[in-house]
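Listed below are the residues making up each chain.
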Amino acid sequence: MVNVSDSKNYKVIGTNPIRHDGYDKVTGRAVYGADIKLPGLIWASIVRSPHAHAVIKSVDTSAAEKVDGVFAVMTGKDLPHLADSWIDHGEGTENVAWSSENIMATKKVLYKGHAVAAVAAKDRYVADYAASKIKVEYDVLESVTNVEDATKDGAPILLEDLVGDHIGKKVEKTNIASVTRHEFGDPDKAFQEAEHVVEKTFTLQMVHQGYIEPHNATAIWDEEGRVKVWTSTQGAFPVRTSTAAILDMDVSKVKVTPLEIGGGFGGKIPIYLEPVCATLSKKSGRPVKAIMERSNVFQASGPAPGGTITVKMGTDKNGKLIAADTSIKLEAGGFPGAAVGAAVQCIFAPFDIANTRIDGYDIVVNKPKSAAYRAPGSPQAAFAAETVVNELADLNGMDPVDFRILNASKEGTRRADGVVFPVIGNEEVLEAAKASDHWNSELGTPMKGRIRGRGIASGYWFNVGLKSTVNLTVNTDGVVALVEGSTDIGGTRTSISMQAAEILGIPATDFRPTVGDTETAGYADVTGGSRTTYATGFAAVKAAENLIEVLKERCSIIWSIDKKDIDFDNGIFFATKDPELKFTFKELAANLDSTGGPAASSGSVDLESAGGAFGTHIVDLDVDPDTGKTDIVRYTAVQDVGTVIYPAYCKGNIQGGVVQGIGWGLNEEYFMKDDGSQANTSYLDYRMPTALDMPNIDVIMVEKPNPGHPFGVRGVGEVPICPPIAAIGDALHDALGKRFYDAPMKPGRILNVLGKISD
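These figures come from a predicted structure and were not determined experimentally.

Thresholds, definitions, all that
Note that residues are indexed from 1 along each chain, following the sequence as it is written. The predicted origin of the model limits local features to residues at a pLDDT of at least 70 and limits the giving and counting of side-chain atom pairs to 80 or more, whereas totals for whole chains, interfaces and linings rest on all residues. Hydrogens are left out, water is left out, and the side-chain values use all remaining heavy atoms of the structure. Runs of H or I in DSSP of at least four residues are treated as helices and runs of E of at least two as strands, each being numbered from the N terminus. Our radius of gyration looks at C-alpha atoms and nothing else; its globule reference is 2.2 Å times the residue count to the power 0.38. Each residue is assigned to one of three classes by its accessible area relative to the maximum for its type, calculated with a 1.4 Å probe on protein chains only: buried under 20%, partly exposed between the two thresholds, exposed over 50%. By the convention used here, residues are in contact when the closest approach between their heavy atoms is within 4.5 Å. In short, Shrake-Rupley with a 1.4 Å probe defines the accessible areas, and a residue's cover is counted only from the protein chains shown. Two residue types count as positive, namely Lys and Arg, and two as negative, namely Asp and Glu; His and chain ends fall outside the count. Charge positions are represented by NZ for Lys, CZ for Arg, CG for Asp and CD for Glu. A strand pair is defined by DSSP finding two or more bridges across the two strands. Only the contacting stretch of a helix is used when fitting its axis, a line to C-alpha atoms as for every element, and angles between N-to-C directions run 0 to 180 degrees. Any Lys or Arg side-chain nitrogen located within 4 Å of an Asp or Glu carboxyl oxygen qualifies as a salt bridge. Here a Phe, Tyr or Trp ring, Trp counted by its six-membered ring, pairs with any other such ring whose centre lies within 6.5 Å, and the pair is stacked when the planes are under 30 degrees apart, edge-to-face when over 60, and tilted otherwise. Only when the NZ atom of a Lys or the CZ atom of an Arg is both within 6 Å of the ring centre and within 35 degrees of the ring normal do we say a charge sits over the ring. Take the buried Ala, Val, Leu, Ile, Met, Phe, Trp, Tyr and Cys residues and link them wherever side-chain atoms come within 4.5 Å; each set so joined is a nonpolar core. A patch consists of residues whose relative accessible area exceeds 30% and which take part in no salt bridge; residues with like charges are grouped when within 9 Å of each other, and nonpolar side chains (Val, Leu, Ile, Met, Phe, Trp, Tyr) when within 5 Å. Should the near helix be turned counterclockwise from the far one by less than a right angle, the crossing is left-handed, whereas a clockwise turn marks it as right-handed. In this classification, the charged set is Asp, Glu, Lys and Arg, the nonpolar set is Ala, Val, Leu, Ile, Met, Phe, Trp, Tyr, Cys and Pro, and all remaining amino acids, among them Gly, are polar. Here the arc refers to the directions that run from the helix axis out to each C-beta atom. Under the convention used throughout, the expected extent of a helix is 1.5 Å for every residue step, that is, one less than its residue count. Polar contacts, as counted here, are pairs of nitrogen or oxygen atoms within 3.5 Å of one another; within protein the pair requires one atom able to donate a hydrogen and one able to accept it, and residues that are adjacent in sequence qualify only if both atoms are side-chain atoms.

Things to note about the overall build of the chain
Point 1. Counting secondary structure elements, the chain contains 19 helices and 30 strands.
Point 2. Expected size for 759 residues packed as a compact globule is a radius of gyration near 27 Å; at 27 Å, the chain falls within 12% of this value.
Point 3. Reported as C-alpha extents along the three principal axes, the dimensions of the chain are approximately 85 × 75 × 55 Å.
Point 4. Counting every position in the chain, which comprises 759 residues, the buried fraction comes to 61%.
Point 5. Considering only intrachain contacts with a sequence separation of at least 6, the fraction spanning at least 24 residues in the chain is 79%.
Point 6. Surface summary for the chain: the accessible area is close to 28,500 Å², and the carbon and sulfur share equals 49%.
Point 7. The chain carries 76 positive and 98 negative side-chain charges, and their two centres are separated by 3 Å.

Points about the sheet that holds strand β1 (residues 42-48)
Point 1. Spatially, seven strands are ordered β3-β7-β1-β16-β13-β14-β15 in an open sheet, and the strand pairing comes out mixed. Pairing within the sheet leaves two strands with one partner each, and these edge strands are β3 (70-75) and β15 (254-258). The average undirected angle you get between the axes of adjacent strands in this sheet is 20°.
Point 2. Of the pairings in the sheet, the one linking strand β13 (residues 216-221) to strand β16 (residues 288-291) comprises four bridges and is antiparallel in character. Its bridge partner being in β16, Thr-218 is matched across the sheet by Lys-289.
Point 3. Running at roughly 30° to β1, helix α4 (residues 124-132) makes contact with β1, β3, β7 (115-121) and β16 of the sheet.
Point 4. Sitting on the sheet, helix α8 (residues 274-284) is in contact with β1, β3, β7, β13, β14 (227-231) and β16, with an inclination near 35° to β13.

Things to note about the sheet that holds strand β27 (residues 599-607)
Point 1. Strand order in the open sheet made by the four strands is β23-β22-β21-β27, with mixed pairing throughout. At either margin of the open sheet sits one strand with a lone partner, and together these are β23 (511-515) and β27. In this sheet, neighbouring strand axes are inclined to one another by 20° on average, regardless of whether the strands run parallel or antiparallel.
Point 2. Inspection of the sheet shows strand β21 (residues 466-474) paired to strand β22 (residues 480-484) by five bridges, in the antiparallel sense. Considered in β22, the bridge of Val-470 is made with Glu-484.
Point 3. Lying over the sheet, helix α15 (residues 532-559) contacts β21, β22 and β27, oriented at roughly 145° with respect to β27.

Thoughts on the pattern of salt bridges
Point 1. A complete count under the given rule lists 43 salt bridges for this structure.
Point 2. Between Arg-181 and Asp-359 there is a salt bridge, and its shortest N-O distance comes to 2.6 Å. In this pair, Arg-181 sits in strand β11 (residues 176-184) while Asp-359 sits in strand β19 (residues 356-364), placing the two residues 178 residues apart along the sequence.
Point 3. Its relative accessible area of 42% is what places Arg-181 among the partly exposed residues.
Point 4. The partner of Arg-404 in a salt bridge is Glu-386, with the nearest N and O atoms 2.7 Å apart.

What about the packing of aromatic side chains?
Point 1. Inspection of the entire model under this criterion finds 17 aromatic pairs.
Point 2. The interplanar angle of 65° and the centroid separation of 6.3 Å between the aromatic rings of Phe-298 and Tyr-670 together place this pair among those described as edge-to-face. Residue Phe-298 is found in helix α9 (residues 294-300), and its partner Tyr-670 is found in the loop between α17 (647-666) and β30 (697-702); the two are separated by 372 residues along the sequence.
Point 3. Assessed through its relative accessible area of 0%, Phe-298 is described here as buried.
Point 4. Consider the rings of Phe-298 and Tyr-683, whose centres lie 5.5 Å apart with planes at 80°: the pair is edge-to-face. Here Tyr-683 lies in the loop between α17 and β30 and Phe-298 lies in helix α9, a separation of 385 residues in the sequence.
Point 5. The exposure class assigned to Tyr-683 is partly exposed, which follows from its relative accessible area of 32%.
Point 6. Here the aromatic cluster, defined as three or more aromatic residues joined through ring pairs, consists of Phe-298, Tyr-670, Tyr-683 and Tyr-686.
Point 7. Lying across the ring of Trp-43, Lys-289 places its NZ or CZ 6.0 Å from the centre.
Point 8. Lying across the ring of Phe-191, Lys-312 places its NZ or CZ 4.4 Å from the centre.

Re the nonpolar core
Point 1. Core analysis: the largest hydrophobic core is formed by 102 residues, its most contacted members being Met-313, Ile-347, Phe-348, Ile-632 and Leu-732.
Point 2. It is helix α11 (residues 378-395) that contributes the most residues to this core, nine residues altogether.
Point 3. By size, the runner-up hydrophobic cluster in this structure holds 48 residues, among which are Ala-500, Phe-568, Ala-575 and Phe-711.

A short note on a nonpolar patch on the surface
Point 1. There is a patch of nonpolar side chains on the surface, built from Ile-18, Tyr-23 and Val-26 and spanning about 370 Å² of accessible area.
Point 2. With respect to the helices, strands and loops of the structure, Ile-18 is situated in the segment before α1 (22-27).
Point 3. Under the relative-accessibility criterion, Ile-18 is labelled exposed at 55%.

Re the packing of α11 against helix α18 (residues 724-736)
Point 1. Look at α11 against α18: their axes get within 7 Å of each other, and the N-to-C directions meet at 35°. For the element pair α11 and α18, the recorded crossing hand is right-handed. Taken together, the residues of α18 that come into contact with α11 (itself represented by Pro-379, Ala-382, Phe-383, Glu-386, Thr-387, Asn-390 and Asp-394) are Ile-725, Ala-726, Asp-730 and His-733.
Point 2. Tallied by class, the residues present in the contact of α11 with α18 amount to five nonpolar, three polar and three charged.

Section: helix α13 (residues 426-435)
Point 1. Here α13 has its buried residues at Asn-426, Val-429, Leu-430, Ala-432 and Ala-433. For α13, the angular spread of buried residues about the axis comes to 160°, placing them on one side.
Point 2. Along its buried surface, α13 packs onto α12 (400-406), β20 (451-461), β28 (613-623), β29 (630-640) and β30.

Here we look at α15
Point 1. In a regular helix each residue adds 1.5 Å, so 28 residues correspond to 40 Å; α15 covers 39 Å between its end C-alpha atoms and thus fits that length.
Point 2. Of all 28 residues that make up α15, 21 are buried, and the element is covered over most of its length.
Point 3. Note on α15: the residue one or two positions beyond its end, Ser-560, has a positive phi of about 55°.

Concerning unusual backbone geometry
Point 1. Each neighbour pair has its own omega, and for Ala-743 with Pro-744 the value is 5°, a cis peptide bond.
Point 2. With respect to the element layout, Pro-744 can be found in the loop between α18 and α19 (747-753).
Point 3. Residue Phe-265 is not a glycine yet carries a positive backbone phi of 55°.
Point 4. With respect to the helices and strands, Phe-265 occurs in the loop between β15 and α8.
Point 5. The backbone of Asn-570 sits at a positive phi, close to 50°, despite the residue not being glycine.
Point 6. Among the structural elements, Asn-570 can be located in the loop between β24 (566-569) and β25 (572-575).

A look at the side chain of Asn-407
Point 1. One can find Asn-407 in the loop between α12 and α13.
Point 2. Polar side-chain contacts of Asn-407 include one of 2.6 Å to the backbone nitrogen of Leu-321.
Point 3. Ignoring any residue separated from it by four or fewer positions in sequence, one finds Asn-407 in contact with Gly-319, Lys-320, Leu-321, Pro-350, Phe-351 and Asp-352.

What about the environment of Val-256?
Point 1. Assignment of secondary structure puts Val-256 in strand β15.
Point 2. Looking at Val-256, the relative accessible area reads 0%, which means it is buried.
Point 3. A sequence separation of 116 residues divides Val-256 from Val-140, and the C-alpha atoms of the two residues are 38 Å apart.
Point 4. Apart from the residues within four sequence positions on either side, Val-256 is in contact with Val-229, Thr-231, Ala-236, Val-239, Arg-240, Asp-517 and Thr-518.

Now the structure itself:
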């Protein structure tokens, strides 16, 4: 096994080859979910609730069934009735009964847009018309759309059969699905002894991942009783697991073919349409396709949770953090499962604090079931903790970077939820930020009528490992076919191939990587949690090393010598006792037929940890105090990336996360009306940053190799979305002298804090 300490003189790693999928994507040849067409294909249209909370009294589908061109109609009663059971889809677990109810309600609707019936017809227009003929009678109930209202005495209960787990105590008739606590030391005593204490409460709104491609699925229930699915997803195997469970089938009877994905960021891990299309296919005998309308993507897929976070932190007279306490209440949406578990792991992770208490609350509200969104739970946690840290730095009269360096977590530090850090790059990131041109530059002068401020914040994500498999096959021309099951979001075909190429001593362009379906690729968990380049790359390293052993056997046959007398280095096989006997990789590939046919290998991993990563961001922004309008004028993201495998991919990943984090900080939110419906369900009204809103995002990549990976890889994609909200709030404070505790910090909110308008 290659070790990070063996060599820094890599030939492939650290280069920027053209992405293997690049030409197909820029020319439009890549196949996405909407592109799949099967013989006899018909279209689905889904009937969705106009109410945020209501009992379903009846569903009358008779008129829809009589429409010419309709092949099948279904309601939630056509899905199997499932008892509570739990399945693991790689990045968390799900309750199958709740997932089935989320896909199509049978008793109650829990958010506007909740599916209640579906039609399959000869085309989309007929399907939509027939769907409009379905009559649903509701008993409308009071709704709650935030965590504070949901937890008040007398609040309407969303799930009557939910039994909350409140730190081990079972509680009925509650909207609080779970309460967890992590505590060590004596935070109460430490706060009494602290020189400075800051306690603040923060609110955040639900936000959407904003992927361009809407959710889609095509399915056929064939004559053998097997279900075949084509979909854009972050994990074909998790889709197989969830679909099989909801349809009450064995996983071997479900085949999932992942297609190219037009963005996901965590939002395309759950399933919404696959069981519906499969059921309609079973009833009609035809393949069925469904594509969500954009308004339904907002209203009925999984955004990131909003919520309320209270943070209290204290320092001694020297500025050392000695106590921290937090209450994190996040919205799960209509069914339990907010990202509270991740939030509690991340909230105090950048700091070494001896006395901590963390309470996490998973709370159901009448909004769509929340899902992962790039470091789920960590951006919310970072906004709260980092804002308090900046206030404490001010109280202690310290530079905010020096304050963080003084209190930085490091190898051996116990994280607030109990985990002891291995080798991490937190200190190195902070030192790089302190030494950066941005931090040491003059602030500059804004245009007339504007005020400029500079802010800083840090963030953390623990990264995940999980299961991955890679299969390699050598062609006679020396080109290697690589098949893996991790769907590619932004270049992982290439970053995985590059690691195998480094081992084999051949160029990355000599690989033909393919993302296989669930029957051609080895098992792989979800593409998420910043695990793919790390874990699937690790599997590729193992597969390459196994391939070398296979090829040594072939050399031994050709040369008629013992395999133990054959070595390999930098793409060359050679006999240790006869320097005349040697093959390049390509030469050996051309001679494989005489040694027993094609050479192939496989590599698999199941990794428990992944080596967490830290980032520190610096932002300069201009704000107009008369209108509240803001403009980001300079941004620098400093991040520990372990070892950079594919620099262009790595840099782009960080820049993309920053832009999304800026959206969280300044504009993006689910704007909810009194009736529990979302008011801004299009990109005209849901304001996301565009290239016109952004300066160039400068990236400083700090390489602190992860000893848990043969090349030192750390996941990159999650961390960059964590610091921006707090960094923007700090920049606004620097410009205006006011702290901001509610996100997004949109113009109206800025003017409200300045006392120029009222809520």
